[in-house]
Every structure is written in structure tokens, then in C-alpha cells.
Amino acid sequence: MQPYTGKGIFRNGHTNSILAGSPARKLVAQHKSKHFCAQAKQKIIPAGHGIRLSALYNQQNQTSAPVVVLLHGWLGCADSLYLITLGNFLFEQGYNVIRLNLRDHGNSHHLNENIFHSCRIQEVINACIYIQNEFRQAISLIGFSLGANFALRVNAFTTREQLELHSTIAFCPVIDPGNTLSALENSLLVYRNYFMQRWKKSFYQKAEAFPHLYSRKTFDQCKTLRRATEVLATHYSGFSDLQSYLDGYSIAGNRLTTMQSIAQIVLAKDDPIIPWEDHKKLATHPHANILLTEHGGHCGFLEPDLCSPWIDNFTLAHLNKHQ
């Protein structure tokens, strides 16, 4: 399948990135996916050691239908536009679609006392194992941004005896978290404001659910993404310093050399958040395929009608090839 090529204004990475989460696209996506969203059933998944994660299930009538698990990005949720559009498309193609919320995402802050951080990989592994056992078949993982990072780590940190994966698709994965943080700091103000406002809202929800553990004042004192990341990682998550935390979920170097199944990584050269050159930090692996596109922005890959058929068709082609 040919790499994505942006048309007109969508040859600009900022346009693709910003419009991907715009109110206009929301109207388009929700209209096209309204039946899919209405039919979704929420489930609470036990993820080990008393941890609970929420998910949205769209199940086919046929028990043998293949299963895909979709993972959203940081501060997104199971109802993020890229998940409902892709999920709707795959459901129409006959797949069981599970949209998993990471801890403290999708209004699930009340489910677990301890706060989310990006190194909480084991609970996502446990949730995937639970889903596999529930459907009694192997699954495929598809992630976006931080969710793509999680998907690749699930692939690398499990054996086929624990979790049988058909394949993994990672759109715009965070590779080197330090570089991603720097890219955010040096990019347009709109991105920093977006993440700070959403993170503040999320932290306030956590503080409201567990006021004896979290103080809203903690976040109010953080004026930058870097400072907020440092304070929450060291104050609430047990990391000694910021770098230790960032290193904890990096997939650079040899982190992915233990991948058990095929992984397709997609990066856009005009992504303003994920430096595409970071793919050079990934150790070569026979299971890893990297596709670089000139355009696409951050999890955009849009057409003028604000749909993303390239993501849909690329995903389906990959799943059909490796199912």
C-alpha cells in the first residue's frame, strides 16, 4: 500500500495535527460512527493486583470473529476520534473491537487510587491477557502516540505463552520520551496549552476522587509541561528524578528486541510532536517494519472531508496479511 500523501492544506503537519482533534472533525466522526458508539458496551477489566481498567466493547455475533484492541494516546480516551473512526471501520469489516482506556483516562479516575504514569505497562499487559482469554483467541494491537508506545512494549514484554499476538500497528509512537517532551516545548503554543489544560482537568478529577491523596495545588504550581511531568513523577509516582521516569517508558535502543510478533510502525516526517528521526534509535529487529510518510502530522493522515481512510485501509491490509 502506498504511503499517505496529503492533499492541499493537508501537506502541512500542523494542519493535519490540529484538525485531527477539531470540532469539525468531531461532527464528521460522530455522525459516521453514531451506531458503533451507541452499541458499545462498557466493561471493567481486572488488570491484576486489584487494578481495574475500563474498556468499550463492540462484539460481532460470530464467536470466531477476530479481535483487535485499540489504545489511545496520552490524555485521550476510548472515545478519541481516531479510535472511534478506526474502530467503526474495523467493526464493519467483521472485527470484534475493544477500545481500552489507560488508567485515569476516559473518566476512569475513580477506579484506582494510584495515579497514571506511562511506565504502568504490566496492567495493560494483564488487560490484554484477560481480553485474549475472554475471547479464547489471539488478538491484534493498534495504538496511537503513547498508546502506540504501549502497544509495542506489550509486544516486546510478553511471550506467546502469555499473550498470543497476531500483529501490532503503532501510529506515531513515542520512541524517546525526552525528545518528545522537548518537541512539545519547542513547537506551537497550541500544543502545550492543549496538553496542559487536559492534564490539569485530569489531575483535578483524580484529586476529586481521592482528596486524601492528591492536592489540586500541586498541579497549579506547575507552569510548564516539563515541570508538571517532573513533579507528578517524583511526588506521586515514586521516581527519583525526571530522567528516570522518561527512560522508564522509552522504546529506544534494545527495548523492542524481544518482540514476539510482527509490528508495523508508522511515522510522519512532519509530525510536530514525535520526532521522526527517533526511529534511528530503534534496534533492528526481524519483526519490526517502519514506514515513513512525508505527510500526516500527529495521528492525522486526513483527507479534505476530515476522514482518515488511509489509516483505515492501511490497518485492514496489515491485519489481513498477518491475521
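Enquirer: Can you walk me through the pattern of salt bridges in this structure?
Expert: When the charged atoms of two side chains lie near each other, side chains of opposite charge can form a pair. Overall, the coordinates contain 11 salt bridges when judged by the stated rule. Close ionic contact of Arg160 with Glu164 constitutes a salt bridge, the shortest N to O distance being 3.4 Å. By relative accessible area, Arg160 is classed as partly exposed at 38%. Between Arg226 and Glu185 there is a salt bridge, and its shortest N-O distance comes to 2.8 Å. On the criterion of sequence distance, the pair formed by Arg226 in helix H10 (residues 225-235) and Glu185 in helix H7 (residues 177-186) is long-range, its members being 41 residues apart. The partly exposed category is assigned to Arg226, whose relative accessible area is 29%. Taken together, the salt bridges that share partners define one network made up of Asp176, Asp278 and Lys281.

Enquirer: Would you mind showing me how to read the side chain of His109 here?
Expert: Of note, His109 is situated in the loop between strand E4 (96-100) and helix H5 (121-135). In terms of polar contacts, His109 uses its side chain to reach the backbone carbonyl oxygen of Asp104, at 3.0 Å.

Enquirer: Just checking my understanding: could you explain the sheet that holds strand E3 (residues 67-71) for this structure?
Expert: Two modes of strand pairing occur in sheets, parallel and antiparallel, and in both the strands are linked by backbone hydrogen bonds. Spatial strand order, E1-E2-E4-E3-E5-E6-E7-E8: 8 strands in an open sheet with mixed pairing. Of all strands in the sheet, those bounded by a partner on one side alone are strand E1 (41-46) and strand E8 (288-293). Within the sheet, the average angular offset between the axes of one strand and its neighbour, ignoring direction, is 20°. The sheet contact formed by E1 and strand E2 (residues 52-58) spans 6 bridges and is antiparallel. Each residue of the ladder has a partner; that of Lys43, found in E2, is Ala55. Each of E3, strand E5 (139-144), strand E6 (165-171), strand E7 (262-268) and E8 is contacted by helix H12 (residues 309-322), which is oriented at about 155° to E6, the strand it contacts most.

Enquirer: Which parts of the structure should I look at to understand the packing of helix H8 (residues 189-209) against H10?
Expert: A pair of packed helices is characterised by two quantities: the angle between their axes and the separation of those axes. Following both chains from N to C, one finds H8 and H10 inclined at 30°, their axes separated by 10 Å at the closest point. One finds that H8 runs roughly parallel with respect to H10. Like other packed secondary-structure pairs, H8 and H10 cross with a definite hand, here left-handed. Within the contact between the two elements, H8 uses Arg192, Phe195, Met196, Trp199 and Phe203 and H10 uses Leu225, Ala228, Thr229 and Leu232. Counted by class, the contact of H8 with H10 contains 7 nonpolar, 1 polar and 1 charged residues.

Enquirer: Mind showing me how you'd approach the pairing of E2 here?
Expert: Successive residues of a regular strand alternate their side chains across the two faces of the sheet. Most of E2 is tucked away, with 6 of its 7 residues classed as buried. Where E1 hands over to E2, the hairpin turn is made up of 5 residues, of which Gly48 adopts a positive phi near 90°. Strand direction decides the pairing type here: E2 and E4, joined by 4 bridges, are antiparallel. Looking at E4, one finds that Leu56 is bridged to Arg99.

Enquirer: Looking at this model, I keep getting lost on the layout of surface pockets. Mind explaining?
Expert: A water-sized probe, rolled over the atoms, reveals where empty space remains. A volume near 210 Å³ is recorded for the second largest pocket. If you go around the second largest pocket, you meet 15 residues; those closest to its centre are Lys32, Thr85, Asn88, Cys307 and Asp312. Counting residues per element, the ones that place at least two in the lining of the second largest pocket are helix H2 (23-32), helix H4 (81-92) and H12.

Enquirer: Any chance you could explain the environment of Glu113 here in plain terms?
Expert: Secondary-structure assignment places Glu113 in the loop between E4 and H5. Between the C-alpha atom of Glu113 and that of Phe36, which follows or precedes it by 77 residues, the distance is 31 Å.

Enquirer: Help me understand H5 in this model?
Expert: Residue pairs spaced three or four apart in an α-helix point in one direction, given the helix's 3.6 residues per turn. Counted at 1.5 Å a residue, the expected span for H5 with its 15 residues is 21 Å, and the 22 Å between its end C-alpha atoms agrees. Three or more residues of H5 are buried, namely Ile121, Glu123, Val124, Ile125, Ala127, Cys128, Ile129, Ile131, Gln132 and Phe135. Those residues of H5 hidden inside the fold are in contact with E1, E2, E3, E4, E5 and helix H6 (146-156). Positive backbone phi, at 60°, marks Arg136, one or two positions downstream of H5.

Conventions adopted
- Residues numbered from 1 in each chain as written.
- Predicted model: local features only at pLDDT ≥ 70, side-chain atom pairs only at ≥ 80, totals over all residues.
- Heavy atoms only, no water.
- Salt bridge = Lys/Arg side-chain N within 4 Å of Asp/Glu carboxyl O.
- Buried < 20%, exposed > 50% of the residue type's maximum accessible area, 1.4 Å probe, protein only.
- Helix = DSSP H or I, 4+ residues; strand = E, 2+ residues; numbered from the N terminus.
- Polar contact = N/O pair within 3.5 Å; in protein donor to acceptor, adjacent residues only side chain to side chain.
- Pairing = 2+ DSSP bridges.
- Axes fitted to C-alpha atoms, helices over the stretch in contact; angles between N-to-C directions.
- Contact = heavy atoms within 4.5 Å.
- Parallel < 35°, antiparallel > 145°, perpendicular 65-115°, else oblique.
- Left-handed = near helix turned anticlockwise from the far one by under 90°.
- Nonpolar A, V, L, I, M, F, W, Y, C, P; charged D, E, K, R; others polar.
- 1 Å grid on protein atoms, 1.4 Å probe; cavity = no way out; pocket = protein on both sides within 12 Å on 5 of 7 lines; lining within 4 Å.
- Points joined across faces, edges and corners; volume = space filled by probe spheres on them.
- Expected span 1.5 Å × (residues − 1).

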